[in-house]
Structures are given as C-alpha cells and as structure tokens.
Amino acid sequence: ESRLVTVDRTGRVELLPAPQRGYGPVVDPSPDGRQLAVSIFSTTELGIWIYDLTRQTLTRLTPPEGESYFPRWSPDGKRIVFDSLESGIRTLRWQRSDGSAPPELLAEEAAYPSSWSPDGRELAVVDDSPAISALDLTVQPPLLRPLAATPNPGWPAFSPDGRSLAFERGQR
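All of the points below concern the structure found in this document. In this text, all values refer to a predicted model and were calculated from it rather than measured experimentally. Within each chain, residues carry numbers counting from 1 in the order of the written sequence. Reporting of local features is limited, given that this is a predicted model, to residues whose pLDDT is at least 70; pairs of side-chain atoms are given and counted only at 80 or more, and all residues count toward the totals for whole chains, interfaces and linings. The side-chain figures draw on all heavy atoms in the structure; neither hydrogens nor water molecules are used.

## Notes on unusual backbone geometry
Move 1: Of note, the bond from glycine 24 into proline 25 is cis; its omega dihedral lies within 30 degrees of zero at 5°.
Move 2: Where helices and strands are cited, they refer to DSSP runs of H or I of at least four residues and of E of at least two residues respectively, numbered from the N terminus. Its location among the elements puts proline 25 in strand E3 (residues 23–29).
Move 3: Here glutamine 140 and proline 141 are connected by a cis peptide whose omega angle stands at -5°.
Move 4: We note that phenylalanine 70 has phi near 55°; this positive angle belongs to a residue other than glycine.
Move 5: Looking at where phenylalanine 70 falls in the secondary structure, it is placed in strand E7 (residues 67–73).

## Focus on the packing of aromatic side chains
To describe a pair of aromatic rings, you give the distance between the ring centres and the angle between the ring planes.
Move 1: Put simply, two rings from Phe, Tyr or Trp (the six-membered ring, in Trp's case) pair if the centres are within 6.5 Å, and we call them stacked under 30 degrees between planes, edge-to-face over 60, tilted for the rest. Enumeration according to the criterion identifies 6 aromatic pairs in this entry.
Move 2: With a centroid separation of 6.4 Å and 15° between ring planes, the pair formed by tryptophan 94 and tryptophan 116 is classed as stacked. Here the residue tryptophan 94 occupies a position in strand E9 (residues 89–96), and tryptophan 116 occupies one in strand E11 (residues 112–116), the gap between them amounting to 22 residues.
Move 3: Cluster of aromatic residues (ring-pair linked, three or more members): Phe41, Tyr69, Phe70, Tyr112 and Trp155.
Move 4: Placement of a positive charge over a ring is assigned whenever Lys NZ or Arg CZ falls within 6 Å of the ring centre and within 35 degrees of the normal to the ring plane. Stacked on the ring of tryptophan 49, the Lys or Arg arginine 21 has its end atom at 5.5 Å from the ring centre.
Move 5: Of note, arginine 79 hangs over the ring of tryptophan 94, and the distance from its end group to the ring centre comes to 4.4 Å.

In structure tokens form, the structure reads like this:
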C-alpha cells in the first residue's frame with residue numbers, strides 16, 4: 001500500500017487526501033495539471049484510475065476485467081494509453097480520459113507506453129526487443145517502427161520539440 005503525494009519546486013511534500021492503495025508503478029499528471037492517471041495494483045484492484053486534484057476524488061477508468069498498467073495522457077488530454085493484459089495477451093489500449101467509452105485496442109504489440117511526441121502523432125514504447133520503438137498513429141492500423149537498436153533500452157522520452165528521444169540504456 002502506498003500514498004499519493006506531490007512535491008513543489010522548493011521540496012515541500014504534500015500528502016494528497018487520496019485513499020491508501022497499491023499505487024504504481026506510474027503516476028502521470030494530465031496536461032492541464034488537474035488530474036493524475038494512476039495504476040492500482042493489489043490483490044483486489046487492478047487497473048487505471050483518475051485522481052482529480054480539485055475534487056479530491058479517485059475514479060476507476062478501466063473496467064475491472066484484465067490488468068492495466070503504465071498510463072500515459074495524450075498531449076491533448078483526451079485519451080489515456082496503457083499496457084493491457086487480458087486472457088494472457090498483452091496489448092496497447094487507449095481510452096477516453098473522461099471514461100465515456102470503453103478501452104479500444106490501439107496496437108496488438110506487447111509494449112509499454114513511455115512518452116508521447118508533442119504533436120500526439122507518435123508514442124515511444126518499451127518492449128522486449130533490443131530497440132527503441134515508436135508507434136506511428138498517423139496510419140491505420142498504427143505501425144510500430146523500430147528507431148534504434150540498443151541493448152536493454154528503457155523509457156524513451158521525446159524532446160519538447162519532438163525531434164529526438166532520450167532514454168536510458170543499462171545492464172539488466
């Protein structure tokens with residue numbers, strides 16, 4: 001069990017009034033800074049939830065069937081992409097951030113979402129291959145493109161101008 005907290009630029013830590021749950025491994029703030037997309041992983045709850053910082057409410061986004069992890073807000077704040085595991089099959093799904101529609105299959109690749117390009121046209125992902133890849137969302141179906149072969153790549157992040165990716169490469 002863990003708690004949600006924020007920390008300001010001076011280092012002041014604020015405990016949020018969200019209930020204690022099995023949060024993690026990712027907490028992703030919405031582009032407008034008013035909500036947090038969180039994974040909850042416990043024996044009774046598995047999924048993506050939205051914590052509203054103004055109303056101080058925690059609301060389930062994904063359905064209780066299956067497992068959902070690694071939420072990432074789209075740059076426009078309209079969707080949340082996440083890793084999904086249902087019936088032993090791992091895929092990438094996305095869902096409207098307001099919960100008005102069920103999750104949709106985005107790509108059949110077993111990949112973890114890492115970072116959106118600033119224009120929302122690509123999604124950098126981590127998968128089991130020795131490469132940094134990006135999911136091209138301008139084509140249907142979206143196309144997974146390896147960008148650079150590298151051993152043990154981890155968590156690529158687009159630069160603010162979208163022209164490059166930074167990532168860690170380590171021993172695993």
